[in-house]
Amino acid sequence: MTPAPASERRIDALDGLRGLAALTVVMHNLLLIQTPTGPGSHLLVALLDRGWIGVQLFFVLSGFLITGILLDARGQALTHFFARRVLRIFPLYYGTLLVVLVLLPTLGALPASFHRDPAHEAWFWVYLSNWIGPYFQGAGPFPHFWSLAVEEQFYLLWPFLVGRRTPHQVVLLSLAVAALGPLSRALLLGLGQPEQTAYQFTVCRIDGLALGAAAAAAWRVDAWSERLVVHAPRLAAAAALVLLLGALPTHAYRIFGWWPQVLGYSALAVAFALGVLAIAVGRGVREGLAGRVLCHPGLRRVGQYSYGMYVLHVPLHMIVGLPLLARWGLAHPYPTAVAVAYVGVGTLVSYALAVTSYHAFEIHFLRLKDRYPRAAPLAA
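Quick caveat, the model's predicted, so the values are computed rather than measured.

Procedures and definitions
- Residues numbered from 1 in each chain as written.
- Predicted model: local features only at pLDDT ≥ 70, side-chain atom pairs only at ≥ 80, totals over all residues.
- Heavy atoms only, no water.
- Patch = residues over 30% accessible without salt bridge, like charges linked within 9 Å, V, L, I, M, F, W, Y side chains within 5 Å.
- Areas by Shrake-Rupley, 256 points an atom, 1.4 Å probe, with all protein chains shown as cover.
- Salt bridge = Lys/Arg side-chain N within 4 Å of Asp/Glu carboxyl O.
- Helix = DSSP H or I, 4+ residues; strand = E, 2+ residues; numbered from the N terminus.
- Buried < 20%, exposed > 50% of the residue type's maximum accessible area, 1.4 Å probe, protein only.
- Polar contact = N/O pair within 3.5 Å; in protein donor to acceptor, adjacent residues only side chain to side chain.
- Contact = heavy atoms within 4.5 Å.
- Phe/Tyr/Trp six-rings, centres within 6.5 Å; stacked < 30°, edge-to-face > 60°.
- Lys NZ or Arg CZ within 6 Å of the ring centre and 35° of its normal.
- Arc of directions from axis to C-beta.
- Axes fitted to C-alpha atoms, helices over the stretch in contact; angles between N-to-C directions.
- Parallel < 35°, antiparallel > 145°, perpendicular 65-115°, else oblique.
- Nonpolar A, V, L, I, M, F, W, Y, C, P; charged D, E, K, R; others polar.

K.L.:
Would you explain a nonpolar patch on the surface in this entry?
P.N.:
Where nonpolar side chains cluster on the molecular surface, the patch consists of Leu98, Val102, Trp123, Trp125, Val126, Leu128, Trp131, Leu180 and Val203 and spans about 720 Å² of accessible area. In this fold, Val126 is placed in the loop between helix H5 (118-121) and helix H6 (129-132). You can call Val126 partly exposed: its relative accessible area is 49%.

In structure tokens, the structure reads:
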């Protein structure tokens, strides 16, 4: 049976995948224990220390979804695309900056422990913090906003590169762009630049976005679509194999180091792109155990509010969580039980705050997206 056009399908499992990525990143960033001291803390760190990998999954999903939107409406004006992106992203992002960097300092409501660097803060307002952050000491007020800067720069430039190209041309373009990722990371590390440059610079993380884009384009190549459906289980198996093989030389995907950064980031991008494509094209894959887990309503709901969770969890941690722990007489080294409870409560509170933000604030801007309907897919 001929599959329905890609543009006509919504994949519930991808919402769950986004939720899974959000949970891994949030719990990773809420981890209080940096140096484990006992069996319990070693287990906790082992479980949560690789949560940074969720950011790479976010990049692949973003490349996949955004490129799909652009290809389905290729050749049409980009005005509505940019308007819809602005209405989805800017209100919460700039609202958070205004509250934390303007309102709370004016009211004298920031805790003394909250680190600020005015010279660094200026770059947050223009989505360029990822190019500056690696050279600043200290965490800064929004250490996680670098990834939002990477994605915003991608959203700004990628539509013009995709342009009127066919899906097959976009596959080739995406693969060429993806090669810049490991090459640039190897160059920077070879020149002795800080490891954070290879972690945060847009060109160094472009392989995740570009390989997600390649997967979206491949799904839309007419000559490939039916074969991709047939081979969806093999795509899923290939994703698992790449993930396993990549773990060996990268010490199970450590965040920093030559092999983890040069090879590991790309291995994750390849594995995630294959996995996302397998989920997208294969009903059998989606109906398997992993697909059923990803389609769970709770996980999909986390995916719905994942943007708010990501934006808000670190300010919540730095402005409320850590000062509360200090007030209660808790500090480094934190007991394992306290660290576990903090991750659990912090994740739940971040979710609740994201839900509140979505329905009380963001929804008013999202309703304006109806004025800029997504362009209808062009006939082949």
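Having seen the model, we can carry on.
K.L.:
I keep staring at the pattern of salt bridges and nothing clicks. Help me out?
P.N.:
Close approach of charged atoms allows side chains of opposite charge to pair. For the structure on display, the rule yields eight salt bridges. Two residues, Arg50 and Asp49, come together in a salt bridge whose shortest N-O distance is 3.1 Å.

K.L.:
Please explain the side chain of Ser266 as it appears in this structure.
P.N.:
Looking at the element boundaries, Ser266 is found in helix H14 (residues 258-281). Judged by its relative accessible area of 13%, Ser266 falls in the buried class. Only 2.8 Å separates the side chain of Ser266 from the side chain of Arg185, close enough to count as a polar contact. Once you skip the residues sitting within four places of it in the chain, Ser266 turns out to touch Pro182, Arg185 and Asp207.

K.L.:
How should I be thinking about the environment of Gln169 in this particular structure?
P.N.:
When you line up the elements, Gln169 lands in helix H8 (residues 167-178). Within the structure, the side chain of Gln169 is placed 2.9 Å from the backbone nitrogen of Thr166, a separation counted as a polar contact.

K.L.:
I'm lost on the packing of aromatic side chains in this one. Help?
P.N.:
Ring pairs (aromatic) are described by centroid distance and by the angle formed between their planes. All told, the structure shown has 27 aromatic pairs when counted by the stated rule. Geometrically, the ring pair formed by Phe90 and Tyr94 is edge-to-face, given 5.2 Å between the ring centres and 85° between the ring planes. Taken as a pair, Phe90 and Tyr94 lie in helix H4 (residues 79-107) at a separation of four residues, close to a single helical turn. Looking at Phe90, the relative accessible area reads 25%, which means it is partly exposed. Measuring from centroid to centroid gives 4.6 Å for Trp131 and Phe201, while their planes differ by 35°, and the two rings are tilted. With Trp131 in helix H6 and Phe201 in the loop between helix H10 (195-200) and helix H11 (206-219), the pair connects residues that are 70 residues apart, well separated along the chain. Through pairs of rings, three or more aromatic residues link up here, namely Phe90, Tyr93, Tyr94, Phe124, Trp125, Tyr127, Phe142 and Phe145. Against the face of Tyr155 rests Arg85, its NZ or CZ located 5.4 Å from the ring centre. The ring of Tyr265 has Arg205 lying over it, and the distance from NZ or CZ to the ring centre is 4.6 Å.

K.L.:
Explain the side chain of Ser306 here, please?
P.N.:
Assignment of secondary structure puts Ser306 in helix H18 (residues 306-327). On the basis of relative accessible area, Ser306 is assigned to the buried category, the value being 4%. A distance of 2.8 Å separates a polar side-chain atom of Ser306 from the backbone oxygen of Gly303. Setting aside residues no more than four positions away along its own chain, Ser306 makes contact with Arg18, Ala22 and Phe58.

K.L.:
Looking at this model, I keep getting lost on helix H17 (residues 297-304). Mind explaining?
P.N.:
The periodicity of an α-helix, 3.6 residues per turn, causes residues three or four positions apart to be oriented the same way. Among the residues making up H17, those that are buried are Leu299, Val302 and Gly303. For H17, the buried positions fall inside an angular range of 105° around the axis, keeping them on one side. Elements that come into contact with the buried residues of H17 comprise helix H1 (12-29), helix H16 (289-294), H18 and helix H19 (336-366).

K.L.:
What is the right way to look at the packing of H1 against H18 in this model?
P.N.:
When two helices pack together, their arrangement is given by the angle between the helix axes and by the axis-to-axis distance. Look at H1 against H18: their axes get within 10 Å of each other, and the N-to-C directions meet at 5°. Classed by the angle they form, the pair H1 and H18 counts as roughly parallel. Residues Arg18, Ala22, Leu23, Val25, Val26 and Asn29 of H1 form the contact with H18, whose own contacting residues are Ser306, Met309, Tyr310, His313, Val314 and His317. Class assignment for the residues of the contact of H1 with H18 results in seven nonpolar, four polar and one charged.

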